2 protein chains.
Amino acid sequence: VEEGDVSSTRSPLVDTACPIGRAATVVGDRWSLLILRHAMLGVTRFDEFKTELGIADNILSSRLGRLVENGLLIKKPYRAGRMRYEYRLTEAGADMLPVLNALAVWGARHSRPVELVAPMQILHTPCGSSLEVGMYCQCCARQAEHDEVAWLRPWRSPRPVRVAEPVD
Amino acid sequence: VEEGDVSSTRSPLVDTACPIGRAATVVGDRWSLLILRHAMLGVTRFDEFKTELGIADNILSSRLGRLVENGLLIKKPYRAGRMRYEYRLTEAGADMLPVLNALAVWGARHSRPVELVAPMQILHTPCGSSLEVGMYCQCCARQAEHDEVAWLRPWRSPRPVRVAEPVD
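What counts, and at which threshold
Residues numbered from 1 in each chain as written. Chains lettered and ligands numbered in written order. Predicted model: local features only at pLDDT ≥ 70, side-chain atom pairs only at ≥ 80, totals over all residues. Heavy atoms only, no water. Least-squares fit on C-alpha atoms with pLDDT ≥ 70 in both. Contact = heavy atoms within 4.5 Å. Helix = DSSP H or I, 4+ residues; strand = E, 2+ residues; numbered from the N terminus. Buried < 20%, exposed > 50% of the residue type's maximum accessible area, 1.4 Å probe, protein only. Polar contact = N/O pair within 3.5 Å; in protein donor to acceptor, adjacent residues only side chain to side chain. Arc of directions from axis to C-beta. Pairing = 2+ DSSP bridges. Axes fitted to C-alpha atoms, helices over the stretch in contact; angles between N-to-C directions. Parallel < 35°, antiparallel > 145°, perpendicular 65-115°, else oblique. Nonpolar A, V, L, I, M, F, W, Y, C, P; charged D, E, K, R; others polar.

Asks: Explanation requested: the relation of the copies chain B and chain A in the structure shown.
Replies: Mapping between the two chain copies consists of a rotation about an axis together with a translation along that axis. When chain B is fitted onto chain A, the two copies agree to an RMSD of 0.0 Å after a turn of 180° and an axial shift of 0.0 Å. On the angle and the small slide along the axis, the relation comes out as a two-fold axis. Among all C-alpha atoms of chain B, that of D29 of chain B lies closest to the rotation axis, at 2.2 Å. When the interface residues of chain B are mapped onto chain A, 100% of them again fall at the interface, so both copies present the same face.

Asks: Looking at this model, I keep getting lost on the side chain of R22 of chain A. Mind explaining?
Replies: Inspection of the secondary structure puts R22 of chain A in helix α2 (residues 19–27). The exposure class assigned to R22 of chain A is buried, which follows from its relative accessible area of 10%. In this structure the side chain of R22 of chain A is engaged in a polar contact, spanning 2.6 Å, whose partner is the backbone oxygen of T16 of chain A. Of the polar contacts made by the side chain of R22 of chain A, one reaches the backbone oxygen of G107 of chain B; its length is 3.0 Å.

Asks: I keep staring at the side chain of N101 of chain B and nothing clicks. Help me out?
Replies: For N101 of chain B, the location among the structural elements is in helix α7 (residues 97–110). Among the residues examined, N101 of chain B registers a relative accessible area of 0% and is labelled buried. Ignoring sequence-local partners within four residues, the contact set of N101 of chain B consists of M135 and W151 of chain A together with I122 and V133 of chain B.

Asks: Would you take a moment to explain helix α4 (residues 46–53) of chain A for this structure?
Replies: Residues and elements named next belong to chain A. Along α4, the positions that sit buried rather than exposed are F49, E52 and L53. One side of α4 holds all its buried residues, which, seen down the axis, span an arc of 85°. Looking at the residues trailing α4, positive phi occurs at G54, about 60°.

Asks: What exactly am I supposed to notice about the sheet that holds strand β6 (residues 149–152) of chain A here?
Replies: Reading across the sheet, the three strands line up as β7(A)-β6(A)-β3(B) and stay open at both edges, with antiparallel pairing between neighbours. The two strands at the open ends of the sheet, each matched to only one other strand, are β7 (161–162) of chain A together with β3 (121–124) of chain B. In this structure, β6 of chain A lies alongside β7 of chain A, joined through two bridges in antiparallel fashion. Across the sheet, the residue bridging to A150 of chain A is R162 of chain A, located in β7 of chain A.

Asks: Would you explain the packing of helix α3 (residues 30–40) of chain A against helix α5 (residues 57–69) of chain A in this entry?
Replies: Angle between the axes and distance between the axes are the two parameters that describe a pair of packed helices. All names here are of chain A. Remark: α3 packs on α5, axes separated minimally by 10 Å, with the N-to-C direction vectors making an angle of 75°. As far as their axial angle goes, α5 and α3 are roughly perpendicular. In contact with W31, S32, I35 and L36 of α3, α5 contributes I59, L60, R63, L64 and L67. Residues that form the contact of α3 with α5 fall into these classes: seven nonpolar, one polar and one charged.

Just geometry here; none of it tells us what the structure is for.
Structure below.
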């Protein structure tokens, strides 16, 4: 395993060098992902998030605060009278769409609802067809298969590591 | 907001109906995502995960246990003498690759390492070029833009909801 090469020299740099690690630190918790899901669906107000998620005030408040702090949401006053705020997606927040889409595809394929329901679809509005979530190769003009993907993590090794295959 | 329509009739069904919610329940924590990252890189043994992640035994043990329970990893004895186990990706675990790739792209775009390092690349091994992570439309033969994506969540509404745009 190439990743093992430098484990003895592990330092904070190594951890922050990985963009997956940095992203997981920001959004690697269930509530933050669910808040972002609802933000994508147009929810903006504290009470709406609360009703949608069935979450305690203090937890919602802390998660919204962290998403604001990390630049995924922006908190804006939304009317002149009694002070109220809404939470809107920034570009960094909106750019979580591919993560949420990938979670949707995984959840549809590998988990089941308590009762059977028609599945979620991710649609391309110009044509109305379902989008393929994945990795597209411009050069080969096709989607990549799992066994064709390698990760190059230059801070660990100059050689790309082919991602592991599932066991049979 | 269409999602608000049925909030008064919220039930467990509503929560498990959403594949993003189900996926977030299974992998919506930082350590599980980081364990899966290392599993993709070929790490299989408890001690290796421990060294790589700098994580306490009991936390690693509980997270590995949950990933096994949820079918993303499989625990197999790996030698005949003193009993030892390795953790290998199942198909469900390997299918987390698009989620990890999407996190890598987000992290590269919206967060910064402590020290400047050459960025992670996701490569297509047959041609060596970088893969595009995102949503591809077969019908239009191109990647979808953020403002062209809608989510159809039939258990909430028969009408697709266009995903929210970021604020200016």
